[in-house]
Amino acid sequence: MTEVRTRFAPSPTGFMHLGGVRTALYAYLFAKKNGGKFILRIEDTDQERFVEGATEVIYDTLKGCGMDWDEGPDVGGDYGPYVQSERKHMYLPYAQELVEKGAAYYCFCTKEELDERRAAAEAKGEVFKYDKHCLNLSKEEIQEKLDAGTPYVIRLNCPTEGESAYDDEVFGHISFPNSDLDDMVLIKQDGMPTYNFANVIDDHLMGITHVLRGMEYLSSTPKYNLLYKAFGWEIPKYVHLTTVMRDAQHKLSKRDGDAYYSDFIEKGYLKEALINYLALVGWNPGDDREFFTMDELIDAFDVKRLNTSPGIFDVTKLTWMNAQYIAKMDFDAYLEMATPWFDKVLAGKGMDYKRLAELMQSRTEVFNRIPDMIRFLAEMPEFSDELYFHKKMKCDAQVAKENLQLVLPVMEGIEKWNEQNIHDIVMAAIQESGKKNGAVLWPLRIAISGQANTPGGAFEIAYLLGKDETIRRMKDSLAKLG
RNA sequence: GGCCCCGUGGUCAAGCGGCCUAAGACACCGCCCUUUCACGGCGGUAACCCGGGUUCGAGUCCCGGCGGGGUCACCA
């Protein structure tokens, strides 16, 4: 059996679309699962869209996620170059070979003529298809035009009758009427190959055995196969992947600002969580497992379990999964990642970040939500007395006032301001007063945090705030209660 | 519009003719734990697009309709 070789062939646009990351992931998983090679090829033939540093974005994303390629522009390989712009000169001879074989032909129709005819067809509500006009040119006529330097393109001569069919690894048997096939351009007027042509040549030359790509290629695949057949090359296996959607009607798009890998990383999603979640949109292991390391994914991956219906990218579920990953992170790693987010609102406050991180880790869903969660530590928020009301804690503004007056002197008397002391001393005072824990602790927490939900209880918050700030806030809140 | 693909709860998704009075996860709701929230535990609401077949029996097979997506470039 020949070695399995898959490839990921992105255009360097400067951004990695999540759909692309998933395609790369599946291609990587498939290759590794089968002990094969994963190849990276940069398709940068579109010089107009060239973006500085764009290939680095691709490298960084793939590497960051743990998808190491066996062959590629930077690591080399036996089938290079792996950058399409460096392969420019390779394609024309192949197209000429096809012309000699009668599978392709020169076409001298100008773009203007074609546009006109296309417009006319559309006006009549018809689908425009090239009419093979130049196929009928005699050898002499062709040579004459060639000699005269008339601009030309090379087109594939597609059959017009019968049907083309192939078996996709995920969609199964797919057939198309040949009458729908248009004689696609292989070589453009500038001598450069079209994307589709270059793709076939490159894939063959690089020994790609399995082509994993988006399902938008489902209907152009018959033309690809025609090329392989004309050359007498072996047709690779096709694994067409469903589209990742934003909702039932729309693909994930850059316009919505949530289509790129980097968007999520910047917000504070962990790449492991992103990869894990992405793997599950359109694929499942066949059992109830949901959490996978890259190695586990490789082990579990099976093309047979790829879905045929498109999946919606559910940020809510991704967020849940991200929170799970964060909760299981190594504490020091969490502290390091969280620190810049703590700094956004607490820089220079001398806050105990370690303790804060301990309290925050199990509550962090996405890192960018941290500032809003801890802003109250930097500045006392405005709040209404109604916050003191809590039925279960048997508390309201009046009770709050009484109980705050009770604990204020107790807290002022605490010498060593650490959590244990605050806890022990305040609890003892509550015990002595005969009051309910909740009736005292609930208003205490409100009085020093100004909000109903906080990452931690009254003692933790009081400790983080420090004695001076805690007392100051208690007095202010008490004053407000009149 | 032609052609192609797809159609199980709000979302992901199991199901491959009887084990389905349809799993699991997210979300949502309730309860428990708890000085709040979160975590955790327990429970609940919620689906086979519609219509015809085939069959003793259909979510599962076939046909049609409807709905959604894709594709019809000298773009990649």
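Predicted model only: the values in this text are computed from it and were never measured.

1. Some points on the overall build of chain A
- Counting secondary structure elements, chain A contains 19 helices and eleven strands.
- Expected size for 482 residues packed as a compact globule is a radius of gyration near 23 Å; at 33 Å, chain A overshoots this value by more than 25%.
- Each of the 482 residues in chain A was classed as buried or not, and the buried ones make up 47%.
- Long-range pairs, those at least 24 residues apart, make up 74% of the contacts in chain A between residues at least 6 apart in sequence.
- If you sum the accessible surface of chain A, you get close to 23,800 Å²; carbon and sulfur atoms cover 49% of it.
- Side-chain charges of chain A comprise 57 positive and 77 negative groups, with the mean position of each set lying 5 Å from the other.

2. Observations concerning unusual backbone geometry
- A positive phi angle, near 60°, is found at Lys132, a position not held by glycine.
- According to the relative accessible area criterion, Lys132 is buried, its value standing at 14%.
- In the Ramachandran plot, Lys394 falls in the positive-phi region, its phi being about 55° despite a non-glycine side chain.

3. Concerning the pairing of strand E2 (residues 37-40)
- Summarising the sheet, strand E1 (residues 5-8) and E2 pair through four bridges and their orientation is parallel. Of the residues in E2, the one forming a bridge with Phe8 is Leu40.
- Following the backbone out of E1, through helix H1 (residues 18-33) and into the adjacent parallel E2, one traces a crossover that is right-handed.

4. Here's the deal with the side chain of Arg22
- Among the structural elements, Arg22 can be located in helix H1.
- Although buried, Arg22 forms no salt bridge, and the nearest oppositely charged side chain, Glu216, lies 8.2 Å from it.
- In terms of polar contacts, Arg22 uses its side chain to reach the backbone carbonyl oxygen of Thr242, at 2.2 Å.
- Arg22 has contacts with Leu241, Thr242, Thr243, Val244, Leu278, Val281 and Gly282, leaving out every residue within four places of it along the chain.

5. Re the nonpolar core
- Within the largest apolar cluster, 105 residues are counted, with the highest numbers of intra-cluster contacts made by Met67, Phe313, Tyr334, Phe342, Leu377 and Met411.
- Among the elements that line this core, the one with the most residues is H1, at ten residues.
- Apart from residues lying up to four places away in sequence, Met67 is in contact with Val21, Ala24, Leu25, Tyr28, Phe38, Leu62, Ile275 and Met294.
- Membership of the second largest hydrophobic core comes to 44 residues, among which are Cys134, Phe176, Phe197 and Trp233.

6. Side note on the sheet that holds strand E4 (residues 153-156)
- The three strands lie next to each other as E3-E4-E7, forming an open sheet whose pairing is antiparallel. If you trace the sheet from one side to the other, it starts and ends with strand E3 (104-107) and strand E7 (185-187), each paired once. The sheet shows a mean angle of 40° between the axes of neighbouring strands, direction not considered.
- Strand direction decides the pairing type here: E3 and E4, joined by four bridges, are antiparallel. In the sheet register, Cys107 faces E4, and the bridge partner there is Val153.
- Each of E3, E4 and E7 is contacted by helix H3 (residues 91-101), which is oriented at about 105° to E3, the strand it contacts most.

7. What about the packing of aromatic side chains?
- The tally for this structure, following the rule as stated, stands at 22 aromatic pairs.
- Each ring, one from Tyr106 and one from Tyr152, has its centre 4.9 Å from the other, and the planes form 80°; the classification is edge-to-face. Of this pair, Tyr106 sits in strand E3 while Tyr152 sits in the loop between helix H5 (139-147) and E4; the two residues are 46 residues apart in sequence, bridging distant segments of the chain.
- Measuring from centroid to centroid gives 5.7 Å for Tyr166 and Tyr238, while their planes differ by 70°, and the two rings are edge-to-face. Note that Tyr166 is positioned in strand E5 (residues 163-168) and Tyr238 in strand E9 (residues 237-241), a separation of 72 residues in sequence. Of the two residues, Tyr166 and Tyr238, both sit in the buried class.
- Through a chain of ring-to-ring contacts, three or more aromatic side chains come together here, namely Tyr26, Trp283, Phe292 and Phe301.
- The ring of Phe264 carries Lys267 above its face, with NZ or CZ at 5.1 Å from the centroid.
- Sitting over the ring of Phe291, Lys328 keeps its end group 4.3 Å from the ring centre.

8. Brief notes about the pairing of strand E8 (residues 210-214)
- Along E8, five of the five residues are buried, which leaves the element largely enclosed by surrounding structure.
- As paired strands, E8 and E9 are joined by five bridges and run parallel to one another. The partner of Val211 across the bridge, within E9, is Tyr238.
- Note on the crossover from E8 through helix H7 (residues 221-231) to E9: the handedness is right-handed.

9. Thoughts on the domain arrangement of chain A
- Per the domain assignment, the segments making up chain A are domain 1 (5-82 + 245-312), domain 2 (87-241), domain 3 (329-378) and domain 4 (385-480).
- Of note, the centres of domain 1 and domain 2, computed from C-alpha atoms alone, are 28 Å apart.
- If you look at the interface, domain 1 gives 20 residues, while domain 2 gives 19 residues.
- A buried area of about 1,900 Å², summed over both sides, lies between domain 1 and domain 2, and 60% of it is on carbon and sulfur atoms.
- Interface area lost by domain 1 to domain 2 is led by Arg5, Arg7 and Arg41, which between them contribute 31%.
- Between domain 1 and domain 2 we count ten residue pairs in polar contact (both at pLDDT 80 or more) in total.
- Among the elements of the structure, E1 and H1 are those that each provide at least two residues to the side of domain 1 that touches domain 2.
- Considering each element in turn, the side of domain 1 that touches domain 2 owes the most residues, five residues, to H1.

10. Topic: helix H16 (residues 419-433)
- Here H16 contains 15 residues, and its C-alpha end-to-end distance of 21 Å stays within 8% of the 21 Å for a straight helix at 1.5 Å per residue.
- In the core, the buried residues of H16 are packed alongside helix H15 (397-412), helix H17 (437-449) and helix H18 (458-465).
- Among the residues of H16, the N-terminal cap falls to Asn418, whose side-chain oxygen and the backbone nitrogen of Gln420 are separated by 3.2 Å.
- Looking one or two residues past H16, Gly434 carries a phi angle of roughly 75°, positive in sign.

About the criteria used
- Residues numbered from 1 in each chain as written.
- Chains lettered and ligands numbered in written order.
- Predicted model: local features only at pLDDT ≥ 70, side-chain atom pairs only at ≥ 80, totals over all residues.
- Heavy atoms only, no water.
- Helix = DSSP H or I, 4+ residues; strand = E, 2+ residues; numbered from the N terminus.
- Rg over C-alpha atoms; globule rule 2.2 N^0.38 Å.
- Buried < 20%, exposed > 50% of the residue type's maximum accessible area, 1.4 Å probe, protein only.
- Contact = heavy atoms within 4.5 Å.
- Areas by Shrake-Rupley, 256 points an atom, 1.4 Å probe, with all protein chains shown as cover.
- Lys, Arg positive; Asp, Glu negative; His and termini not counted.
- Charge placed at Lys NZ, Arg CZ, Asp CG, Glu CD.
- Pairing = 2+ DSSP bridges.
- Right-handed = clockwise from strand over helix to strand, strands pointing away.
- Salt bridge = Lys/Arg side-chain N within 4 Å of Asp/Glu carboxyl O.
- Polar contact = N/O pair within 3.5 Å; in protein donor to acceptor, adjacent residues only side chain to side chain.
- Core = buried A, V, L, I, M, F, W, Y, C linked by side-chain atoms within 4.5 Å.
- Axes fitted to C-alpha atoms, helices over the stretch in contact; angles between N-to-C directions.
- Phe/Tyr/Trp six-rings, centres within 6.5 Å; stacked < 30°, edge-to-face > 60°.
- Lys NZ or Arg CZ within 6 Å of the ring centre and 35° of its normal.
- Domains from an automatic or database assignment.
- Buried area = accessible area lost by both parts, 1.4 Å probe.
- Expected span 1.5 Å × (residues − 1).

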